[in-house]
Amino acid sequence: MNSSWQALKRVTLVVAAGLTAGPALGSATDALSAVQALREGGCGGIVPATRPLRHELALDGVAQQWADGLALAAAAERSGYPSLATSGLHVASAEAGILELLRRSACTVVTSRDLRGVGVYRRGLDSWIVITADNRAPVLPPSVARIAPPVADTRAPEVPLAPPPRSAAPEVLAAQALELVNGVRARGTRCGERQFAPAPPLALSGTLGNVAFGHAIDMAEHDYFEHRDLNGQSPADRVRAVGYREKLVGENIAYGPKSVEEVVQGWLDSPGHCENIMDPRFDAVGFAYAAGHSGRHGLYWVMDLAESL
């Protein structure tokens, strides 16, 4: 069974990376729409997009029975669902916050390809989401997780920033990322439906690294996540602004991963980002990260690639 399904037991520890490939998540507000949007958008690109789940009215009934106090396993069995293949998420949030809570805490769980059906029941600020695994998948003990926003502290304690990666020195981080990326380019890999042959190694560029850091810190300080910055500049605009002579520019960004290994793997798992990494036209690359300061406290990552003149 997909490891994402197993992750439901520790769903409150899941942090989703926000990558830009794939459909936008849109403005889904209710729990059902949020689940479907995350699946169709691949968690914003961290995993391949997948088909929406089948909304089953019987599972809505299971969710309501669970909300009324019946154990989830008992409610599932009463409605004819195998309890060992049924799990649930209890989300405590206003509708406008459900999508973001699921994206940050359970995104890779609800996008598992092993899932087949979903049901939802809402009462007040609480939503009960019941999901079932594909009949072909192995069964697991029933799992239940409750997700809620952090409780406000009236003392307004200082919120710690996300911890830096294990190798915090920028030059060490960049060298690690380069080694991982060049290893994949040397072997060749599949990006979604496309198979890429081995590609020449990339050279680390301090100039591109500085451009990447500038965009990472700008996103972190101003709480946004886009390739185009607040001045309307594209990645190519930012590269040219520092005098770098290039024919082609590509950029991968991510929000959330806590290590170089995690962010590179996230990019490789997303077809569009993987294609950037494997594009044989690129010959130079720069990497950077920055910790969020306002609404988001995770790490912002930027990888800028270029084909030099």
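The shown structure was predicted, so the numbers you read here are calculated from the model rather than taken from an experiment.

A. Structural view of the packing of helix α10 (residues 260-269) against helix α11 (residues 271-278). Look at α10 against α11: their axes get within 5 Å of each other, and the N-to-C directions meet at 105°. Accordingly, the angle class assigned to the pair α10 and α11 is roughly perpendicular. Mapping the contact onto sequence places W267, L268 and D269 in α10 and P271, H273, C274 and I277 in α11. Of the residues contributing to the contact of α10 with α11, the split by class is five nonpolar, one polar and one charged.

B. Seen up close, the state of the cysteines. Going through the model one piece at a time under the given rule, you end up with one disulfide. Paired through a disulfide, C191 and C274 show a sulfur-sulfur distance of 2.0 Å. In this structure the cystine formed by C191 and C274 twists about its S-S bond by roughly -60°; its chirality is therefore left-handed. Placement of the pair is C191 in strand β6 (residues 189-191) and C274 in helix α11, with a sequence separation of 83 residues. Residue class for C191 comes out buried when judged on its relative accessible area of 1%.

C. Representation of the pattern of salt bridges. Summed over the entire model, instances satisfying the criterion amount to nine salt bridges. With a shortest N-O distance of 3.6 Å, E275 and R194 are connected by a salt bridge. You can see E275 sitting in helix α11 and its partner R194 sitting in strand β7 (residues 194-196), a full 81 residues away along the chain. A relative accessible area of 26% means that E275 is categorised as partly exposed. The salt bridge involving E307 is made with K247; its shortest N-O contact spans 3.3 Å. You can see E307 sitting in strand β11 (residues 299-308) and its partner K247 sitting in strand β9 (residues 246-255), a full 60 residues away along the chain. Given the relative accessible area of 17%, E307 is considered buried. Here the salt bridges do not stand alone but share partners, grouping R54, E56 and R116 into one network.

Here is what the cut-offs are and how they apply
- Residues numbered from 1 in each chain as written.
- Predicted model: local features only at pLDDT ≥ 70, side-chain atom pairs only at ≥ 80, totals over all residues.
- Heavy atoms only, no water.
- Axes fitted to C-alpha atoms, helices over the stretch in contact; angles between N-to-C directions.
- Helix = DSSP H or I, 4+ residues; strand = E, 2+ residues; numbered from the N terminus.
- Parallel < 35°, antiparallel > 145°, perpendicular 65-115°, else oblique.
- Contact = heavy atoms within 4.5 Å.
- Nonpolar A, V, L, I, M, F, W, Y, C, P; charged D, E, K, R; others polar.
- Disulfide = S-S within 2.5 Å.
- Buried < 20%, exposed > 50% of the residue type's maximum accessible area, 1.4 Å probe, protein only.
- Salt bridge = Lys/Arg side-chain N within 4 Å of Asp/Glu carboxyl O.

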